[in-house]
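# Observations on chain architecture
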Amino acid sequence: LELITGEKLTAVIIGFDHDVIYNDKSDAAAGITFAIEGVLDGWFEMNEDDTNKGGWKNSKMRTVYMSRIEKLLPAELRTALRTVAKFTGKGGGSDDVEMTADKLFLFSEAEIIGDDVEYSASGEGSQYPYFADAANRIKKRHGGDSYAWWLRSPGVTHTYAFRVVSYDGYVYYYYASESCGVCFGFCL
């Protein structure tokens, strides 16, 4: 993919029939889910303050950055994107889960490491087959060094951080206002 900024990204297939199309009465699955192979140029915070209150649904990452990133995609891809239902913890120390409708999304901790989650809400989806291989969790910028990248999962044991995949592929947390890489997903 080439963004309108000239940045080139590689998208990889991470799953088939994994995500449910939002507002489809038949619960049809989106055919293919993709992730970018590395991380975007630049650094991004989940929120301006160190809070995960409001979770993914109300985060700056979702309400500001994802719409900006979508506008950078090639027009033919933007028109083909499917809106899918994503389930994520509400944040603020809650272990309740809520649904959002997203064209571009960050991944949840469960979608990366499977059911063995300790510090995010239960019910945030299931692991994509692609991420079962720990090597696929390590994200680099243009083939260079590996970087930590955000997950949409707020931590349930605290109110100030979201989960991240660290430079070595393990899940950890960062304060919500810290700068981190972005690896997003989308469905066609």
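What comes next is a walk through the structure. (Residues numbered from 1 in each chain as written. Predicted model: local features only at pLDDT ≥ 70, side-chain atom pairs only at ≥ 80, totals over all residues. Heavy atoms only, no water.)

What follows is about the environment of Gly6. Within the secondary structure, Gly6 is located in the segment before strand E1 (11-16). The class for Gly6 is partly exposed, based on a relative accessible area of 34%. With 150 residues separating them along the chain, Gly6 and Val156 place their C-alpha atoms 38 Å apart. (Helix = DSSP H or I, 4+ residues; strand = E, 2+ residues; numbered from the N terminus. Buried < 20%, exposed > 50% of the residue type's maximum accessible area, 1.4 Å probe, protein only.)

A positive phi angle, near 50°, is found at Asp17, a position not held by glycine. Turning to its location among the elements, Asp17 is positioned in the loop between E1 and strand E2 (32-36). Given the relative accessible area of 55%, Asp17 is considered exposed.

For the rest of this paragraph, the subject is the pattern of salt bridges. A full pass over the atoms with the stated rule returns 8 salt bridges. Of the charged contacts in the structure, one is a salt bridge between Glu48 and Lys60, with a shortest N-O distance of 3.2 Å. With Glu48 in the loop between E2 and helix H1 (60-72) and Lys60 in helix H1, this residue pair connects regions lying 12 residues apart in the sequence. Classification of Lys60 as buried rests on a relative accessible area of 18%. Salt bridges here are not isolated pairs; linked through shared partners, they connect Asp19, Lys86, Glu111 and Arg152. (Salt bridge = Lys/Arg side-chain N within 4 Å of Asp/Glu carboxyl O.)

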